[in-house]
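Results of the structural survey
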Amino acid sequence: MSTFHLSGLDLITDRLLLRPWPPAEISAVLDGLWSAHWAEDFPAEGDRVIAGFVAEHPEATGEYGQRQIVERESGLVVGAIGLFWPPGDGSIEIGYGVVPSRRGRGYATEATRAMVEFALTAPGVRTVRASVELSNPGSARVLEKAGLRALSRDATLAHYATASAG
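Note that this is a predicted model, so its numbers are computed, not measured.

Observations concerning unusual backbone geometry
Note that the residue after F42, namely P43, is joined by a cis bond; omega there is 0°. Here P43 lies in the loop between helix 1 (23-30) and helix 2 (45-56). Going from W85 to P86, the amide bond is cis rather than trans, its omega being 0°. Structurally, P86 can be placed in strand 5 (residues 77-88). If you check the backbone angles, D89 has positive phi at about 55° while not being a glycine. Tracing the backbone through its elements, the reader meets D89 in the loop between strand 5 and strand 6 (91-98).

Considering the pattern of salt bridges
In this structure the tally under the stated criterion is 7 salt bridges. In this structure, E40 and R102 form a salt bridge, with 3.8 Å as the shortest nitrogen-oxygen distance. Taken together, the residues E40 in the loop between helix 1 and helix 2 and R102 in the loop between strand 6 and helix 3 (107-119) connect sequence positions 62 residues apart. Using a relative accessible area of 10% as the deciding quantity, one classes R102 as buried. In this structure, the salt-bridge partner of R105 is E71, at a minimum N-O distance of 3.3 Å. Of the two residues, R105 is situated in the loop between strand 6 and helix 3 and E71 in strand 4 (residues 66-71); the sequence distance between them amounts to 34 residues. Salt bridges sharing common partners tie together E40, E71, R102 and R105.

Section: the sheet that holds strand 9 (residues 157-161)
Here we have 9 strands laid out as an open sheet, ordered 1-2-3-4-5-6-7-9-8, and mixed in their pairing. Pairing within the sheet leaves two strands with one partner each, and these edge strands are strand 1 (5-7) and strand 8 (149-153). When strand polarity is set aside, the average angle formed by the axes of neighbouring strands in this sheet is 25°. Relative to strand 5, strand 4 runs antiparallel, the two being bridged by 5 bridges. Bridge pairing in strand 5 places V70 opposite V77. Of the strands in this sheet, strand 6, strand 7 (127-133) and strand 9 are in contact with helix 4 (residues 137-145), which crosses strand 7 at around 165°.

So, helix 3
Here helix 3 contains 13 residues, and its C-alpha end-to-end distance of 18 Å stays within 8% of the 18 Å for a straight helix at 1.5 Å per residue. If you check which residues of helix 3 are buried, you get Y107, A108, T109, E110, A111, T112, A114, M115, V116, F118 and A119.

Rules and cut-offs
- Residues numbered from 1 in each chain as written.
- Predicted model: local features only at pLDDT ≥ 70, side-chain atom pairs only at ≥ 80, totals over all residues.
- Heavy atoms only, no water.
- Helix = DSSP H or I, 4+ residues; strand = E, 2+ residues; numbered from the N terminus.
- Salt bridge = Lys/Arg side-chain N within 4 Å of Asp/Glu carboxyl O.
- Buried < 20%, exposed > 50% of the residue type's maximum accessible area, 1.4 Å probe, protein only.
- Pairing = 2+ DSSP bridges.
- Axes fitted to C-alpha atoms, helices over the stretch in contact; angles between N-to-C directions.
- Contact = heavy atoms within 4.5 Å.
- Expected span 1.5 Å × (residues − 1).

Here's what the structure looks like:
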């Protein structure tokens, strides 16, 4: 059973809309502006980093790229999620973040499940991977609930991946 459906480039889940970053919103984040359709604490630091990445790599908002997380009920942008395209050796990295005011609602898990499922439909992708700081056990739980498993860890990071189809 699919955790999302597509509408153009948008991924739609039960409670969320995952849409490519509009260029004007990338500029607004980088310029320190705020929009009425953003949660009061959006953008968080990670969102500013992603906006900068997308500004430097416009192709990063393509079909399998970076997206905003929009709460469908309110229409507010509450975070960001994305794949770091293109895949290498059949593997692609995922990253995500939800603003503090919307944490604890399962949004990160819902968005990550959908994005992982979608990523595995992409040409050349067999594995989705992510790394999380050991100091962030909540993010590790998100990855586990989204179907990734812990592979290894070093002094600061735990590394996760989906099971390889090969």
